[in-house]
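Structural overview for review
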Protein chains: 2
Amino acid sequence: MLLQVNQERLWQSIEDINQFGATAEGGVCRLEFSRENKQARDLFVRWCEEAGCTVRVDKFGNIFARRPGRNPDGAAVVTGSHLDTQTSGGRFDGIYGVLAGLEVVRTLNDNNIETENPIEVAVWTNEEGELFLPMIGSAVWLGMNDLEETLDLQESDGLTIRQGLQNMGYLGDMEVNSYPVKCYFEAHIEQGPVLEENGEVLGVVNCAQKQYWYNLKVVGQEAHAGPTPMASRKDAMVAVSRMVLEFDRIGRAYDNARSTCGHFEVYPNSRNTVPGEVRFTGDLRNPDPAVLEKMDIEMRESLAKIADQMRVELNIELHTTIDYVPFNETLVNWVREATIETGLPWREMYTGAGHDCVNIAQRYPATMIFVPCKDGISHNPAEDAKPVDLAAGATVLANAMVKAANYGGEL
Amino acid sequence: MLLQVNQERLWQSIEDINQFGATAEGGVCRLEFSRENKQARDLFVRWCEEAGCTVRVDKFGNIFARRPGRNPDGAAVVTGSHLDTQTSGGRFDGIYGVLAGLEVVRTLNDNNIETENPIEVAVWTNEEGELFLPMIGSAVWLGMNDLEETLDLQESDGLTIRQGLQNMGYLGDMEVNSYPVKCYFEAHIEQGPVLEENGEVLGVVNCAQKQYWYNLKVVGQEAHAGPTPMASRKDAMVAVSRMVLEFDRIGRAYDNARSTCGHFEVYPNSRNTVPGEVRFTGDLRNPDPAVLEKMDIEMRESLAKIADQMRVELNIELHTTIDYVPFNETLVNWVREATIETGLPWREMYTGAGHDCVNIAQRYPATMIFVPCKDGISHNPAEDAKPVDLAAGATVLANAMVKAANYGGEL
């Protein structure tokens, strides 16, 4: 028999937190370090304390709310996500994973369940990365980024992370990563359309795809749009248009692949001038690293050929590599078992987006649970999800976490 | 025997004016209404007065320097151009036509030549249109735009043209277009590579090509770049890339045609998001209006097909039509005769760019003379031209203007 969370309570908690930063368009703007984010953190902390948890804040502002186990020194089974949003953010990205964790604690309390090992609910600092870097809270916690250096990072307005945390009252005194951790779960809206398009309610996530993020620059020759004959031109944007179509073609040519060119800067970006230079971003993604290598080679060869034909200079810089990260098989199994027990339609899938869990899975056993969001839309005021689906995800989370907290073996 | 201008004097005048607004990159920033532009106007006025001209400023700040003829009430033979530049402007665009006109006056003085009708050298206000609208000085002078309404146009910083002219001391009291005009000539750098690529020094310009300028908008669906499968996407930038290639294809498919997509705004323009909306500009140009109609129809059909295939919304707004303007045959003949007499290589051509002359040719007999600029580059600090070529153009201008000023017939 599955332990069942309280759908109404979970929904109401999400609604209550979303009063902080609610926008006229129906979305949420709750940037890290803002007053609204402090209010959200404060309310979350109060709720956790009311639920009997001990709340600590580490030196990077990450919050941990602990529900003790029979074995108070046992390695913790952690879940969590983030409370911050994009400027034009939605009502479920991040907050769902945090409040699903709180709902697990409340459900355990309701049912007087004591777990062997402690349960922790984490709020990671500054996941969205509209300020500073994305997923930096978990990165610092894991030691991927240096604590002091990162605290001193400065935004263009002069704000450092250290000052931002101080302003909110969340520059804690607990050392980062200072208690034993057994494993990590994160529940999240899918941020894509796959579950909804297939009429499915739960996503069992078994890995994070590998990603190559590129910065590309094409230099042609700026020229007056009227007098310059077509044959004399080196139009950077015409060349880039062909390159964008190559990215798109390659993304469609391989199973499970993705490719996107999302950001463009055109110079001089004037109606009456042939574009002389274009800087743009591209990415290639695949859950199979060997296939991604093929895509990378194919993209580089195709673009070099286009640049040659169009007599433009091309520079491709590999800006970021996000490694393929397999999630822990035992955890994925527990999530799958609980999912099947719900009787709801589901699928096994991978995460295409970055999450704190993708950082954490590189050091600890970890996995994720996805629930559908309307039309696959996220990072947008139109972001939406159904209370019943959110509760289904939290129910799976609760049962998988209890299994993990009572498990004596190695993960 | 051709009347010859003084190459060194013309070059030195250009150098002297270009001290106002000279940039570190070797270009010129002399926006209309700026202190630098006032200084350039003041020096030009002083030189004209020293050359014996009567200088008047009209109610739109256009300057007219008159060298009287035997018949003081005769319709004037006008030449001119502009002193303002783009923000990232060059050393020859505009200024060359103004100072070639002054050089004609000085050359007539040197040779004690009295013409039948008066000669006028004009400086048109605000040709570049980085502020307000391009070629607005000649447009108001011709009555295409209303004087008072245009004076009250306001920039985003609150400046009106009226205030801008007052600030410079160039809000004159002469009514616009208040003296009889016989015809108009304008000498200009080509702003394209055709003359240079063909080893030619002089361009006899016989018309302005017809132009359609479009604002285009493509609306797809913003989506997260990681989770969203390729088949579920409506990527606005992929659609626009196909459209840019269609513009380019059409521009190459017809003789003498041009097509350019110069300005792009991508939303949300984020590396990790499939573009949901793109606004961009396109233009189609052809000296044959019937061919331009074909190009327009073909472009609209092709883009509609692409939008349909890519499931994106497409909106095409015709933003500006610049009509085909044939230049006056008699004036073109005089320019051609003088050009041939120089013995220099030349070609007959059309103007692809807009100029005050294209406005004026719609009301008065008018034509242009082009000289080469290095690599066809203009609106750029790298804009360059040779003293000998500039002098050749001014020599042709002088001889054609004298013919016009002594001509008794109808044009």
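The structure presented is a predicted model; accordingly, all values stated were derived computationally and were not measured.

Observations concerning the relation of the copies chain A and chain B
- When chain A is fitted to chain B, the best match, at an RMSD of 0.1 Å, comes from turning it 180 degrees and sliding it 0.0 Å along the axis. Each copy turns onto its partner about a two-fold axis. Rotation axis and chain A: the residue whose C-alpha lies nearest the axis is Ser241(A), separated from it by 2.2 Å.
- The residues that chain A uses at the interface reappear at the interface of chain B in 100% of cases, marking a shared surface.

Quick notes on the UniProt feature "binding site: Zn(2+) 1" (unreviewed entry) in chain A
All names here are of chain A.
- Per the UniProt record, the feature "binding site: Zn(2+) 1" (unreviewed entry) sits at His82, Asp93 and His188. The named residues occupy 107 residues along the chain; their greatest pairwise C-alpha distance, 10.1 Å, places them in one compact cluster.
- With respect to the helices and strands, His82 occurs in the loop between strand E3 (76–81) and helix H3 (95–110).
- A relative accessible area of 0% means that His82 is categorised as buried.
- Leaving out residues up to four positions away in the same chain, His82 has contacts with Asp93, Gly94, Ile95, Val98, Trp124, Glu127, Glu128 and His188.
- Only 3.3 Å separates the side chain of His82 from the side chain of Asp93, close enough to count as a polar contact.
- Positionally, Asp93 belongs in the loop between E3 and H3.

Quick look at unusual backbone geometry
All names here are of chain A.
- Between Tyr267 and Pro268 the backbone carries a cis peptide bond, its omega angle lying at -5 degrees.
- Within the secondary structure layout, Pro268 lies in the loop between strand E10 (264–267) and strand E11 (273–274).
- At Phe33, a position not held by glycine, the phi torsion is positive, near 80 degrees.
- Here Phe33 is to be found in the loop between helix H1 (7–17) and helix H2 (35–50).
- Of the residues examined, Phe33 reaches a relative accessible area of 11% and is grouped as buried.
- Despite not being glycine, Asn256 has its phi angle at roughly 65 degrees, a positive value.
- As for its position among the elements, Asn256 is in the loop between helix H8 (236–253) and strand E9 (258–260).

Some words on the packing of helix H1 (residues 7–17) of chain B against helix H3 (residues 95–110) of chain B
All names here are of chain B.
- Close contact between H1 and H3 brings their axes to 10 Å; oriented N to C, the two are set at 135 degrees. Classified by the angle between their axes, H1 and H3 sit oblique to one another. Handedness of the H1/H3 crossing: right-handed. The residues of H3 that touch H1, namely those facing Arg9, Leu10, Ser13, Ile14 and Ile17, are Ile95, Tyr96, Leu99, Ala100, Glu103, Arg106, Thr107 and Asp110.
- For the contact of H1 with H3, the class distribution of residues is 7 nonpolar, 2 polar and 4 charged.

Brief notes about the pairing of strand E5 (residues 181–189) of chain A
Residues and elements named next belong to chain A.
- Of all the 9 residues making up E5, 9 are buried; the element is thus mostly covered by neighbouring parts of the structure.
- In the sheet, E3 pairs with E5 via 4 bridges, with the strands oriented parallel. Across the sheet, Thr79 pairs through a bridge with Phe185, a residue of E5.

Observations regarding the pattern of salt bridges
- All told, the structure shown has 52 salt bridges over all chains when counted by the stated rule.
- Residue Asp375(B) is joined to Lys374(B) by a salt bridge in which the shortest nitrogen-to-oxygen separation is 3.8 Å.
- The exposure class assigned to Lys374(B) is partly exposed, which follows from its relative accessible area of 43%.
- Here the salt bridges do not stand alone but share partners, grouping Arg9(A), Glu103(A) and Asp110(A) into one network.

Calculation criteria
- Residues numbered from 1 in each chain as written.
- Chains lettered and ligands numbered in written order.
- Predicted model: local features only at pLDDT ≥ 70, side-chain atom pairs only at ≥ 80, totals over all residues.
- Heavy atoms only, no water.
- Least-squares fit on C-alpha atoms with pLDDT ≥ 70 in both.
- Contact = heavy atoms within 4.5 Å.
- UniProt positions renumbered as here; feature names shortened; annotations may be inferred.
- Helix = DSSP H or I, 4+ residues; strand = E, 2+ residues; numbered from the N terminus.
- Buried < 20%, exposed > 50% of the residue type's maximum accessible area, 1.4 Å probe, protein only.
- Polar contact = N/O pair within 3.5 Å; in protein donor to acceptor, adjacent residues only side chain to side chain.
- Axes fitted to C-alpha atoms, helices over the stretch in contact; angles between N-to-C directions.
- Parallel < 35°, antiparallel > 145°, perpendicular 65-115°, else oblique.
- Left-handed = near helix turned anticlockwise from the far one by under 90°.
- Nonpolar A, V, L, I, M, F, W, Y, C, P; charged D, E, K, R; others polar.
- Pairing = 2+ DSSP bridges.
- Salt bridge = Lys/Arg side-chain N within 4 Å of Asp/Glu carboxyl O.

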